[in-house]
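Structure at a glance
So you can see what is in the structure, the chains are spelled out below.
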Amino acid sequence: MTLVLRPRPDDKRWKAVRSSAPALVVASGWRLDADGTAHATLRCAGTRGGEALVTVTAGAPDVAGAARPAFTLDVRVVPYAREG
């Protein structure tokens, strides 16, 4: 699945994406375009099910301090049945 976040209307910029359960949902391919649009690829493990929170942080480019969570996606993975 590809996650695409539009440019923010405030002065903050998308900074990074992270998964609370990287063994279940892997966030990769993080890219921030010049216009402020952010892209990430989410890959799910097909062998087990579970839940993960994918969090994208944002922060103002000229302000010191850590970027704060600005977008959270609740991902539930349900594996396909192997038989039947």
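Please read these numbers as outputs of a predicted model, since none were measured by experiment.

A separate point is the overall build of the protein. The helix and strand tally for the protein stands at zero helices and six strands. Written out in order from the N terminus, the α and β elements of the protein read β-β-β-β-β-β. Summarising its shape, the C-alpha atoms of the protein cover approximately 55 × 25 × 15 Å along the three principal directions. Expressed as a percentage of its 84 residues, the buried residues of the protein come to 27%. Partitioning the contacts of the protein with sequence separation of at least 6, the portion at a separation of at least 24 is 58%.

Once that is clear, we can look at the nonpolar core. Within the largest apolar cluster, 15 residues are counted, with the highest numbers of intra-cluster contacts made by Leu5, Trp14, Val25, Val54 and Val56. Residue assignment for this core shows that the elements contributing at least two residues are β1 (2-5), β2 (13-19), β4 (38-44), β5 (50-59) and β6 (68-77). Residue contributions to this core peak at four residues, all from β5. Those residues in contact with Trp14, other than ones at most four positions away along the chain, are Leu5, Arg6, Arg8, Trp30, Leu32, Gly36, Ala38, Val56, Thr57, Ala58, Ala70 and Phe71.

Our focus in this paragraph is the confidence of the model for the protein. With 95% of its residues at a pLDDT of 70 or more, the protein shows a mean pLDDT of 87. By mean pLDDT, β6 is the weakest element of the protein at 89, and β2 is the strongest at 93.

All right, on to the packing of aromatic side chains then. For the structure on display, the rule yields zero aromatic pairs. The aromatic ring of Trp14 is capped on one face by Arg8, whose charged end is 5.1 Å from the ring centroid.

Alternating residues of β1 divide into Leu3 and Leu5, all buried, and Thr2 and Val4, none buried. As defined by bridge partners, β1 adjoins β4 across four bridges and the pair is classed as antiparallel. Within β4, the residue paired with Leu3 across the bridge is Ala40.

The next subject is the environment of Gly36. For Gly36, the location among the structural elements is in the loop between β3 (25-32) and β4. Taking the relative accessible area as the measure of exposure, Gly36 reaches 11% and is therefore buried. For the pair Gly36 and Pro7, spaced 29 residues apart in the sequence, the C-alpha separation amounts to 4.5 Å. Discounting residues that sit within four places of it in the chain, Gly36 has contacts with Leu5, Arg6, Pro7 and Trp14.

A few words now on the sheet that holds β1. Reading across from one edge, β1-β4-β3 is the order of the three strands in this open sheet, with antiparallel pairing throughout. Edge strands, defined here as strands with exactly one partner in the open sheet, are β1 and β3. Along the sheet, successive strands turn relative to each other by an average axial angle of 20°, direction set aside.

Criteria and thresholds
Residues numbered from 1 in each chain as written. Predicted model: local features only at pLDDT ≥ 70, side-chain atom pairs only at ≥ 80, totals over all residues. Heavy atoms only, no water. Helix = DSSP H or I, 4+ residues; strand = E, 2+ residues; numbered from the N terminus. Buried < 20%, exposed > 50% of the residue type's maximum accessible area, 1.4 Å probe, protein only. Contact = heavy atoms within 4.5 Å. Core = buried A, V, L, I, M, F, W, Y, C linked by side-chain atoms within 4.5 Å. pLDDT = per-residue confidence, 0-100. Phe/Tyr/Trp six-rings, centres within 6.5 Å; stacked < 30°, edge-to-face > 60°. Lys NZ or Arg CZ within 6 Å of the ring centre and 35° of its normal. Pairing = 2+ DSSP bridges. Axes fitted to C-alpha atoms, helices over the stretch in contact; angles between N-to-C directions.

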